Amino acid sequence: MTKTFYITTPIFYPNAKLHLGHAYTTTVTDVAARYHRLIGDETYFLTGSDENTQKMVDAATKAGVVPMEFLDGIVANFASLYASLNISYDQFIRTTDQKLHWPGAQALWARIDAAGDLYKKEYEGLYCVGHEAFVTEKDLIDGKCPDHGTVPQYLKEENYFFRLSKYAPQLKEKIESNELLIVPESRKNEILAFIESGLEDVSFSRPRKADWPDGLGVPVPNDPTQVMYVWCDALSNYITALGYGSTDDARYQTFWPGVHVIGKDILRFHAAIWPAMLMSASAPLPKTLFVHGFITSGGKKMSKTLGNIIDPEELLNEYGTDAVRYFLARHISPFEDGDITREGFKEAYNGNLANGLGNLASRLMKMYTSYDVASKYAGIPFEVGDGLMVKEAAFGKAIEAYDFNRAMNIIWEKIQKADQQIQSTEPFKLIKTDEAKAVSIVGDLVAELFTIAILLKPVMPETASKIESAIKENRMPEALFPRKD
Ligand code: MSP
């Protein structure tokens, strides 16, 4: 039976353009999805946008555009970045989708309600629009949210609350036993400590706001005065997109549960609230949460005031899709915070792509074509093809552990080794004295280049296919990575 593999990114807030941090999450999710497709798993990759939010309404107002139009503009922007990054998503869910998302979110709400896990309560407290979450005095510095630099709003309102506290013991057990696997271990420990410190019930709805247009905010079933709190609404996207709660839930049946790729900032929502919602609704828990760190720029958080924001479009225009994908997969740690600078990017590009991979491919293919190796050598594993992905077990193991750096290092060790072999065996000299030997050396090395091309497929699909077809068609590859000065 074919295995299924379902993977998601967070649904990002469409209040501004996506930056390199969002590009990171989406790219590594794409790498995992492509890998699973290549090894033959029936794969489904979901991404989307989290639209029913106050911060979007604020951003639209600031831009002088009505919210629904503003949303369409930003979502088109997401799609264009995804195209530039070559993201192979199967579906893009929008939480303003009243056909697909709303009925599913409401069905989930109804299940949670039927389980007795929702109750109404007067709430008084502080709300940070940047976080789209309630905060407490102790989260603030000088009365401001340290992450957003804004004074939170004081709110007094009646909301529905979700009995999160009730699920603490079960959550702890599911996470400790890895039934809900949290990668890396450090994030698992972080969330276990958080659960241990005591879980409080969470607000799950907000009174419908007068300045919200129709079509924004999922109505609470049987209570039109309330809309679902954005996190309750947003988390449900992972199953509503698959048709949960609708008459056609075939995709839900096939693909759920799956893997969520998230940044460390939204661990609590995904490792506590979301699984508790699912338990309450008697639905299966996600299999895995892969939690990555944050990208910093020059050691600092990217911010407009510091002027150190790196726009993914800028890198893509200058270096191309695969160079950006390469950098994110190889040079940003998947488990801790990782740093990027323009200089560091250029150095990695010139050293490892122009001089490394690009140079190796053109040197080898030059010898391969001019010595007519194709007609004399039969050792290139064409028939194994994409099967090499499975055969090269260490590589697959690394990707399956979300250790993209290690997977890439495995490829670059092969590149380095091939370079050294050219240097030590000197086939370009040998061809004059011992043709058969030179042909066999070059053939072996091109067989290795073929393996490299296959392994590159999940991360650098265009480059991989350029090298693969050059070998298959016995010709020079097009220029891969011109040096940048
Ligand atoms: N809308 C919520 C998610 C709901 S999911 C049910 C949200 N959106 S967000 O637009 O703020 O995106 C947060 C995510 O963006 C992070 O979890 C991470 O995936 C990514 N990143 C944002 N900044 C980042 C960095 N500086 N570095 C790496 N990833 C970052 O939260």
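Quick caveat: nothing in here was measured; it's all calculated off a predicted structure.

A. Region of the structure containing the pairing of strand β11 (residues 223-228). Alignment of strand β9 (residues 205-207) against β11, held across three bridges, turns out to be antiparallel. Residue pairing for β11: P207 is matched across the bridge by Q226. Linking two consecutive strands that pair antiparallel, namely strand β10 (residues 219-220) and β11, is a turn of two residues; a positive phi of about 65 degrees is found at N222 within it.

B. Representation of the packing of helix α3 (residues 67-84) against helix α11 (residues 312-319). Here α3 crosses α11 at 35 degrees, and the two axes come no closer than 11 Å. Here α3 runs over α11; the crossing is left-handed. The residues of α11 that touch α3, namely those facing S80, L81 and S84, are P312, E313 and L316. Looking at the contact of α3 with α11 residue by residue, the class counts come to three nonpolar, two polar and one charged.

C. Broad picture of the side chain of H260. Note that H260 resides in strand β12 (residues 259-263). The contact partners of H260, leaving out residues within four places of it in the chain, are T8, Y238, H270, W274, P286, T288, L289 and F290.

D. Geometry of the sheet that holds strand β3 (residues 91-94). Across the sheet, six strands lie side by side as β3-β2-β1-β12-β13-β7; this open sheet has parallel pairing. Looking at which strands have only one partner, the edges of the open sheet turn out to be β3 and β7 (181-183). Taking each pair of neighbouring strands and ignoring which way they run, the sheet shows an average axis angle of 20 degrees. Judged from the four bridges that link them, strand β2 (residues 42-49) and β3 form a sheet pairing that is parallel. When the sheet's bridge partners are listed, L46 is paired in β3 with Q91. Most of the contacts of α3 go to β3, to which it runs at about 160 degrees, and overall it touches β1 (4-12), β2 and β3.

E. Focus on the pattern of salt bridges. One pass over the full model with this rule turns up 27 salt bridges. A salt bridge links R187 to E190, with the nearest nitrogen and oxygen atoms 2.7 Å apart. Within this pair, R187 and its partner E190 are both found in helix α6 (residues 185-196), separated by three residues, close to a single helical turn. What makes R187 buried here is its relative accessible area of 12%. With a relative accessible area of 36%, E190 lands in the partly exposed category.

Conventions adopted
- As a convention, each chain's residues are numbered from 1 in the sequence order in which they are written.
- Reporting in this predicted model follows two pLDDT cut-offs: at least 70 for local features of residues, and 80 or more for side-chain atom pairs to be given and counted; totals over whole chains, interfaces and linings ignore these cut-offs and use all residues.
- Excluded from the side-chain calculation are hydrogens and water; included are all heavy atoms of the structure.
- Paired strands are those between which DSSP finds at least two bridges.
- Helix numbering and strand numbering both begin at the N terminus, where a helix is a DSSP run of H or I of at least 4 residues and a strand a DSSP run of E of at least 2.
- Orientation is described by axes fitted as lines to C-alpha atoms, over the contacting stretch for helices, and by angles from 0 to 180 degrees between their N-to-C directions.
- Helix crossings are classified by the rotation of the near helix relative to the far one: an anticlockwise turn of less than a right angle makes the crossing left-handed, while a clockwise turn makes it right-handed.
- Note on contacts: a residue pair qualifies if any of its non-hydrogen atoms lie within 4.5 Å across the two residues.
- Just so you know the grouping, Ala, Val, Leu, Ile, Met, Phe, Trp, Tyr, Cys and Pro go in nonpolar, Asp, Glu, Lys and Arg go in charged, and all remaining residues, Gly too, go in polar.
- By convention in these notes, a salt bridge is any Lys or Arg side-chain nitrogen within 4 Å of a carboxyl oxygen on Asp or Glu.
- Partly exposed residues are those whose accessible area sits between 20% and 50% of the maximum for their type, while under 20% is buried and over 50% is exposed, using a 1.4 Å probe and protein chains only.

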